[in-house]
Structure formats: C-alpha cells, structure tokens
Amino acid sequence: MQKKRRVIMQEYENMVNRQRKWMLYLLALLVLGAGFTPYTRIFYGLILGTVISFYNLWLLQQKTNTFGKSVAEQGTARGGLGVISRLAAAAIGILLALRFQEIFHIMAVAIGILSSYLIILFDILIVIIQHKKNPNNS
C-alpha cells in the first residue's frame, strides 16, 4: 500500500511539474507576442490573466497536495481548496484591467484567467494519448 501511495504521489508531482512548465511556455510566448506584434494591449491583457491563472494553478496544486496528505494521514478532510482565494485573485485581475483599460484588454484578461484550465485539459489529453500509444507503461 505504501509503495502504491509513493507511485501515485510521484505521478501527481510529475503532473504538477508538467503543468507549470506548460504555463511558463505559454507566458514566454505571450511575452514574445507583446514584444513583436502591434497588439500589445491584447497581449498585456493575456499576460496579466495568465499570470493570475498561473498563481491560481499553483495555489490549487498546493491546496490539493495539503488536502491529500491530510486525508492520507488522518483519514479526514481538513480545510478546502482555496476557492475564495482564487476567485479573489481573478477579481483583482479584472479590476486592474478595468482601471487601466488603456494598457489591458479586458476580454484578453478574462481569457488569460482561463488559461490554466486549458493547460490542465491539454495535459490530460497528452497523457491519454501517450497511454493509448503505450498501455504497458501505466
């Protein structure tokens, strides 16, 4: 049972690292877009939203890890997954975009805030495709 937990935790840590890496790649692409295209306002909005989304992803991963350890060690769930914190971060991003409309495109900020969910979906699809190609490696 202990070995199975270690394997599951290792898979979780690999997933967390992959998702963070994808978010950093996305941020790098957005910075390049802001630097080399005439659509700086849109890219600044995407960058702001994606940074908030990256923070929310990190927060969710930390809370999930703590939650999982609590359940594994004590058998009970203590605390939540930080929904209020993540919603507050998104609200702050939207308020910044509304306050500084000449810098940030509001719809781009909203799309950027959703980017971590797209990264999670993208990561799941890649894992499913890899598992179908090589089912013995699970």
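Residues numbered from 1 in each chain as written. Predicted model: local features only at pLDDT ≥ 70, side-chain atom pairs only at ≥ 80, totals over all residues. Heavy atoms only, no water.

**Here's the deal with a nonpolar patch on the surface**
So the rule is basically this: Only residues whose relative accessible area exceeds 30% and that form no salt bridge are eligible for patches; like-charged ones are grouped when within 9 Å, while nonpolar side chains (Val, Leu, Ile, Met, Phe, Trp, Tyr) are grouped when within 5 Å. Surface exposure here means Shrake-Rupley accessible area, sampled with a 1.4 Å probe, where a residue is shielded only by the protein chains that are shown. Here a salt bridge means any side-chain nitrogen of Lys or Arg lying within 4 Å of a carboxyl oxygen belonging to Asp or Glu. Strands are runs of DSSP state E lasting at least 2 residues, helices are runs of H or I lasting at least 4, and numbering of each runs from the N terminus.
There is a patch of nonpolar side chains on the surface, built from Leu-121, Ile-124, Leu-125, Ile-128 and Ile-129 and spanning about 440 Å² of accessible area. By secondary structure assignment, the location of Leu-125 is in helix α5 (residues 115-133).

**Comments concerning the nonpolar core**
One recurring pattern in soluble globular proteins: nonpolar side chains tend to sit buried together. To keep it simple, the criterion reads: To form a nonpolar core, buried Ala, Val, Leu, Ile, Met, Phe, Trp, Tyr and Cys residues must be joined to one another through side-chain atoms within 4.5 Å. Partly exposed describes any residue whose relative accessible area lies between the buried limit of under 20% and the exposed limit of over 50%, with all areas from a 1.4 Å probe on protein chains only and scaled to the type maximum. Between two residues, a contact is recorded if the distance between any of their heavy atoms is within 4.5 Å.
By size, the foremost hydrophobic cluster in this structure holds eight residues: Leu-48, Ile-52, Ala-89, Ala-90, Ala-97, Phe-104, Val-109 and Ile-113. Residue assignment for this core shows that the elements contributing at least two residues are α2 (40-74), α3 (83-99) and α4 (106-113). No other element matches the three residues that α3 contributes to this core. Setting aside its immediate chain neighbours within four residues, Ile-52 contacts Ala-89, Ala-90, Gly-93 and Ile-113.

**Topic: the environment of Asp-123**
Looking at the secondary structure, you find Asp-123 in helix α5. The spacing of Asp-123 and Trp-22 is 101 residues in sequence and 8.5 Å in space, taken between C-alpha atoms. Sequence-distant contacts of Asp-123, that is, excluding residues within four places in its chain, are made with Met-15, Arg-18, Gln-19 and Trp-22.

**Topic: empty space enclosed by the protein**
Short version of the rule: Of the two site types, the cavity is a set of points on a 1 Å grid over the protein atoms alone where a 1.4 Å probe fits but cannot get out, and the pocket is an open set with protein on both sides within 12 Å along at least five of seven lines, each lined by residues with an atom within 4 Å of a point. Grid points are joined across faces, edges and corners, and a volume is the space filled by probe spheres set on the points. Residues are grouped as follows: nonpolar covers Ala, Val, Leu, Ile, Met, Phe, Trp, Tyr, Cys and Pro; charged covers Asp, Glu, Lys and Arg; every other residue, Gly included, is treated as polar.
Tallying each qualifying case throughout the model produces one cavity of 30 Å³ or more. When its volume is computed, the largest cavity comes out at roughly 30 Å³. If you go around the largest cavity, the residues you meet are Asn-56, Leu-57, Leu-60, Arg-86, Ser-116, Tyr-117 and Ile-120. Secondary-structure elements contributing two or more residues to the lining of the largest cavity are α2 and α5. Partitioning the lining of the largest cavity into residue classes produces four nonpolar, two polar and one charged.

**Re the side chain of Asn-56**
Within the secondary structure, Asn-56 sits in helix α2. Residue contacts for Asn-56: discarding those within four places in its chain leaves Arg-86, Ala-89 and Ala-90.

**Topic: the packing of aromatic side chains**
Going by this rule: When the centres of two rings from Phe, Tyr and Trp lie within 6.5 Å, Trp using its six-membered ring, the rings pair. Their planes under 30 degrees apart give stacked, over 60 give edge-to-face, and anything left gives tilted. Only when the NZ of Lys or the CZ of Arg is both within 6 Å of the ring centre and within 35 degrees of the ring normal is a charge said to sit over the ring.
In total, this model carries three aromatic pairs according to the counting rule given. Between Trp-22 and Phe-122, the ring centres sit 4.9 Å apart and the planes meet at 90 degrees, which makes this aromatic pair edge-to-face. Placement of the pair is Trp-22 in helix α1 (residues 2-36) and Phe-122 in helix α5, with a sequence separation of 100 residues. You can call Trp-22 partly exposed: its relative accessible area is 29%. Members of the aromatic cluster, connected to one another through ring pairs, are Trp-22, Tyr-25 and Phe-122. When the ring centre of Phe-100 is taken as origin, the NZ or CZ atom of Arg-99, which lies over that ring, is 5.0 Å away.

**Description of α4**
Under the convention used in this document: Picture the helix axis, draw a direction to every C-beta atom, and the arc is the one those directions span.
Those residues of α4 lying buried are Ala-108, Val-109, Gly-112 and Ile-113. Angularly, the buried residues of α4 cover 140 degrees about the axis, an arc narrow enough to put them on a single face. In this structure, the buried residues of α4 make contact with α2, α3 and α5.

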